[in-house]
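Chain and residue survey
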Amino acid sequence: MEWNFKSGVPIYSQIIDELTMRIASRAYAPGEKLPSVRDLAMDAGVNPNTMQRALAELERRGLVYTERTSGRFVTKDETILQGLNGALAGRYIEELVDRLEKIGMERSEIAAAIADWLARNN
Amino acid sequence: MALLEISKLSKSYGGSFSLEDVSLSLEGGQIIGLLGPNGSGKTTLIKLINGLLTPTAGAVLIDGMEPGPETKAKVAYLPDRIALPDYMTTAELMNLYQDFFADFDRAKAETMADDLGIDRKQQLKNMSKGTKEKLQLILVMSRQASVYLLDEPIGGVDPATRDYILRTIISNYNESAVVIISTHLIADIESVLDDIVFLRDGRMVMHDTAENIRENLGKSVDELFREVFKC
């Protein structure tokens, strides 16, 4: 898995997005142990403090949990994981609609275009 | 008191200041980028911390001590030019470091030398510029120091080695050490930095976290640098 960071955006929030995506896509399976902060930081080429901060935020959001002696794990809570998919889907749809509206499409046209695309790319 | 306490530090040569009234308080567990154009005082600051220069005014305290023999045991310094005897081989230089520094981890140095394909029998003077830099960095990063001063550590090496070096700095990271890196190659290292210190004409013009800069200004540190120091 590759890490790509955009310039001019806090690395902390980009790490949160990337790890959230990995959890949502089950690249990190529910209940799986995450690599250590140091290994994740080395893999991503980022400062360990930044990685630590991002993981603490994921923990606050309930996506990962810490077991005192054995490390950090991906949540097994299906409700949270389902909610995550819903939230990510919402964000992508928002981005898509936003872009299409910028080129002057009405929402009804967007809906029709999506239905059309889905039918053709079955 | 912080691990590295720099207060109102100045250094002048014949009336002109190469460093003027710089104060910084750095805790362990931080990686600091010391950034500035040529002649802004980066190397002067590093040499003052290392005790190679004596301040004109102000003070440096490492763990509460002024730079001297005790602090040299805790400070690992990578100079901006090679300062090792050039007739020595890699193996001999490792022996030298092992003799001089109680905190030198020979096993770690050997592993890094293997990773970077350094010939143990080659003399320093016969090495390419990049290999010399790699070897120096291996020697410095194999110490378990409290303060690492890296003056332009990645200038002469290829991008793959640069990545390896950055990963070495990250993997070497620990709560009780502060790492100061001076460089022009900001884009290459900015993702590993906690704090940024900008120097201009010997004065500190900015000290902030790299994340704050990206968050508040919506720019990378590299972009900000180009703007602030536009010629």
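About the thresholds
- Residues numbered from 1 in each chain as written.
- Chains lettered and ligands numbered in written order.
- Predicted model: local features only at pLDDT ≥ 70, side-chain atom pairs only at ≥ 80, totals over all residues.
- Heavy atoms only, no water.
- Domains from an automatic or database assignment.
- Contact = heavy atoms within 4.5 Å.
- Buried area = accessible area lost by both parts, 1.4 Å probe.
- Salt bridge = Lys/Arg side-chain N within 4 Å of Asp/Glu carboxyl O.
- Polar contact = N/O pair within 3.5 Å; in protein donor to acceptor, adjacent residues only side chain to side chain.
- Nonpolar A, V, L, I, M, F, W, Y, C, P; charged D, E, K, R; others polar.
- 1 Å grid on protein atoms, 1.4 Å probe; cavity = no way out; pocket = protein on both sides within 12 Å on 5 of 7 lines; lining within 4 Å.
- Points joined across faces, edges and corners; volume = space filled by probe spheres on them.
- Helix = DSSP H or I, 4+ residues; strand = E, 2+ residues; numbered from the N terminus.
- Buried < 20%, exposed > 50% of the residue type's maximum accessible area, 1.4 Å probe, protein only.

On to the domain arrangement of chain A, then. Residues and elements named next belong to chain A. Entries for chain A in the domain assignment read domain 1 (11-76) and domain 2 (79-120). Computed from C-alpha coordinates alone, the two centres of domain 1 and domain 2 are separated by 28 Å. Between domain 1 and domain 2, the contact holds 10 residues from the first and 7 residues from the second. Between domain 1 and domain 2, roughly 760 Å² of surface is buried when both sides are summed, and carbon and sulfur atoms account for 70% of that area. Taken as a group, Met21, Ala24 and Arg26 account for 44% of the area that domain 1 buries against domain 2, more than any other trio of residues on that side. A salt bridge links Arg91 to Asp17, with the nearest nitrogen and oxygen atoms 3.7 Å apart. At the junction of domain 1 with domain 2, the criterion picks out 0 residue pairs in polar contact (both at pLDDT 80 or more). Here the side of domain 1 that touches domain 2 is composed, by residue class, of 5 nonpolar, 3 polar and 2 charged.

Glancing now at the layout of surface pockets. One number sums up the size of the largest pocket: a volume of about 420 Å³. Around the largest pocket, the lining is made up of 17 residues, and of these Asn50(B), Tyr77(B), Pro79(B), Tyr97(B) and Phe101(B) lie nearest the centre. Considered class by class, the residues forming the lining of the largest pocket number 13 nonpolar, 2 polar and 2 charged. There is about 350 Å³ of room inside the second largest pocket. Along the walls of the second largest pocket sit 18 residues, with Phe5(A), Gly45(A), Ala187(B), Asp188(B) and Ser191(B) positioned nearest its centre. Among the elements of the structure, α6 (159-172) and α7 (186-189) of chain B are those that each provide at least two residues to the lining of the second largest pocket. Here the element with the most residues in the lining of the second largest pocket is α6(B); it accounts for 4 residues. A per-class count over the lining of the second largest pocket returns 7 nonpolar, 5 polar and 6 charged.

Residues and elements named next belong to chain B. By the element assignment, Ile180 lies in strand β7 (residues 178-182). Assessed through its relative accessible area of 5%, Ile180 is described here as buried. Considered as a pair, Ile180 and Ser7 are 173 residues apart in the sequence and their alpha carbons are 17 Å apart. Those residues in contact with Ile180 that lie beyond four places of it in its chain are Leu4, Leu26, Ile32, Leu34, Ile49, Tyr148, Leu149 and Leu150.

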